[in-house]
Amino acid sequence: MTAVPGAAPVRDEDAFDVERVATWLRENAPGEGGIDGVPEVQQFEGGASNLTYLLRYAGGPASGGRDLILRRPPTGTKAKGAHDMRREHDIQAALAPAFPAVPRMVAFCSDEDLVGSPFYVMERIEGTILRRDVPPELGLDRGAVATLCRTAVDTLVALHDVDVEATGLAGLDRGDGYVRRQVDGWCGRYRRARTDDVGDFEATMAWIEANQPDDLPHVLIHNDFRFDNLVLDPDDPTRIVGVLDWEMATVGDPLMDLGAALAYWVQADDHPAFLAVRRPTRPACSPGPRSCSATPRRAASW
């Protein structure tokens, strides 16, 4: 198989019967072309949640074939309501007509007998996913990185502008009190998970509880909007052609998306300690005219 950055042989504990899945897919996605035979399968490394696999048919697009993506939950005990493949599939399927950056869904399987859990299959969006550093071969100078950052913000705004009622996703809205539910939920989870070797942060939580903003009109929010969930156009890496990982998407306060994105944001003039622990991709430019980097693990294509 031609190398796909970020993809590797499937780990033994995450393997499944590829022939059975290929047969099921042909039977349940009859309108799909290019899925004859048995695909080559690799697993995308990294990630802390659902498992993601590349299904490469007939050598992939470069050989006249095609690539699909299979998503399934991790094995083992899972929190109630987490890793809901049906929900993640249905949100993207409903959103696609209004938000073209969402991957196209191909099929959903609720039969846990095939791979040990529900799963869904979608089209692979070709492009670059930033990890720890911007690959030099992308040729992004300071101005191009600034354009990419503006494009990311514009993409988030476009998501928040989606007519939730028209997409049929209004049922995700639990009504007034979204901010209160988030504050109570996250503070409660911290208190329950806290161990004696970390601070109680009660003063911080008291401040947050006392300074909650009023609810804004609810919109569709991604809830994990960051650069390593964005796919960059292979021909113009300042354009975003895909938004991935909709597991936590819901209808709520748009400031949640903004706050989450800013929590990941790192720039060159931040404190060295903050720069040292940067996690996913946040493009950053130093004061120099061409010194640009981004912040997570590695460049990958999906």
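Shown above is the structure to which this text applies.
This structure is a prediction, so every number in the text was calculated from the model and none was measured.

Caption draft 1: Representation of the overall build of the protein in the model. In terms of regular secondary structure, the protein is built from 8 helices and 14 strands. Within the span of the protein, comprising 302 residues, buried residues form 46% of the whole. Sequence separation of 24 or more characterises 65% of the internal contacts of the protein that already satisfy a separation of 6 or more. Carbon and sulfur atoms provide 52% of the accessible area of the protein, an area that totals close to 15,200 Å².

Caption draft 2: Representation of the layout of surface pockets in the model. Estimates place the volume of the second largest pocket at around 440 Å³. In terms of lining, the second largest pocket is formed by 17 residues, of which the most central are Q182, V183, W186, I208 and M256. Sorting the residues of the lining of the second largest pocket by element identifies α5 (178-193), α6 (202-210) and α7 (254-264) as the ones contributing at least two each. Ranked by the residues each element gives to the lining of the second largest pocket, the list is headed by α5, at 6 residues.

Caption draft 3: Examining the pattern of salt bridges more closely. For the coordinates displayed, the defined rule picks out 18 salt bridges. The partner of D14 in a salt bridge is R11, and the shortest N-O contact between them spans 2.9 Å. A relative accessible area of 33% means that R11 is categorised as partly exposed. Ionic pairing is found between D90 and R86, a salt bridge with its closest N-O pair at 3.5 Å. Taken together, the residues span about one helical turn, with D90 and R86 both in helix α2 (residues 85-95) at a distance of 4 residues. Overall, the relative accessible area of 40% leaves R86 in the partly exposed class.

Caption draft 4: Structural view of the nonpolar core. One finds F99, L220 and W246 to be the most contacted residues of the largest nonpolar core, which totals 29 residues. At the level of elements, α2, α3 (142-160), β9 (230-232) and β10 (240-243) are the ones that each hand at least two residues to this core. In terms of residues, this core owes the most to one element, α3, which gives 7 residues. Residues in contact with F99, not counting those within four places in the same chain, are T155, A158, L159, V162, V243 and W246. One finds V21, L25, L70 and V115 within the second-largest nonpolar core, a separate group that totals 21 residues.

Caption draft 5: The sheet that holds strand β3 (residues 51-57), seen in detail. Strand order in the open sheet formed by 6 strands is β1-β2-β3-β4-β6-β5, and the pairing between neighbours is antiparallel. What marks the edges here is a single partner per strand, and that holds for β1 (7-8) and β5 (105-109). Here helix α1 (residues 18-28) sits on the sheet and contacts β2 (40-44), β3, β4 (66-72), β5 and β6 (119-123); the angle it forms with β5, its principal contact strand, is near 115 degrees.

Caption draft 6: Main features of the pairing of β2. With 4 of 5 residues buried, β2 lies mostly within the body of the structure. Looking at chain direction, β1 and β2 are connected through 2 bridges and run antiparallel. Bridging from a neighbouring strand, A8 pairs with Q43 of β2. Bridge analysis of β2 against β3 gives 4 bridges, and the strand direction is antiparallel. Among the inter-strand pairings, E40 is bridged to a residue of β3, identified as R56.

Caption draft 7: Main features of the packing of α3 against α7. The N-to-C vectors of α3 and α7 enclose an angle of 160 degrees; their axes lie 11 Å apart at closest approach. When the interaxial angle is binned, α3 and α7 end up roughly antiparallel. As α3 runs across α7, the sense of the crossing is right-handed. Where α3 approaches α7, its residues L156, L159 and H160 are matched on the opposing element by P254, D257 and L258. Residue composition of the contact of α3 with α7, by class: 4 nonpolar, 1 polar and 1 charged.

Caption draft 8: Region of the structure containing the side chain of T167. Within the secondary structure, T167 is located in helix α4 (residues 164-167). In this structure the side chain of T167 is engaged in a polar contact, spanning 3.3 Å, whose partner is the backbone nitrogen of L169. Excluding anything up to four places from it in sequence, T167 contacts A94, A98 and V162.

Caption draft 9: Up close: the side chain of E32. Looking at the secondary structure, you find E32 in the loop between α1 and β2. Residue classification places E32 among the buried residues on the basis of a relative accessible area of 17%. A polar contact of 3.0 Å, which involves the side chain of E32, links it to the side chain of R104. Contacts of E32, omitting those with residues within four sequence positions, involve R66, R104 and V106.

So, how was this worked out
- Residues numbered from 1 in each chain as written.
- Predicted model: local features only at pLDDT ≥ 70, side-chain atom pairs only at ≥ 80, totals over all residues.
- Heavy atoms only, no water.
- Helix = DSSP H or I, 4+ residues; strand = E, 2+ residues; numbered from the N terminus.
- Buried < 20%, exposed > 50% of the residue type's maximum accessible area, 1.4 Å probe, protein only.
- Contact = heavy atoms within 4.5 Å.
- Areas by Shrake-Rupley, 256 points an atom, 1.4 Å probe, with all protein chains shown as cover.
- 1 Å grid on protein atoms, 1.4 Å probe; cavity = no way out; pocket = protein on both sides within 12 Å on 5 of 7 lines; lining within 4 Å.
- Points joined across faces, edges and corners; volume = space filled by probe spheres on them.
- Salt bridge = Lys/Arg side-chain N within 4 Å of Asp/Glu carboxyl O.
- Core = buried A, V, L, I, M, F, W, Y, C linked by side-chain atoms within 4.5 Å.
- Pairing = 2+ DSSP bridges.
- Axes fitted to C-alpha atoms, helices over the stretch in contact; angles between N-to-C directions.
- Parallel < 35°, antiparallel > 145°, perpendicular 65-115°, else oblique.
- Left-handed = near helix turned anticlockwise from the far one by under 90°.
- Nonpolar A, V, L, I, M, F, W, Y, C, P; charged D, E, K, R; others polar.
- Polar contact = N/O pair within 3.5 Å; in protein donor to acceptor, adjacent residues only side chain to side chain.

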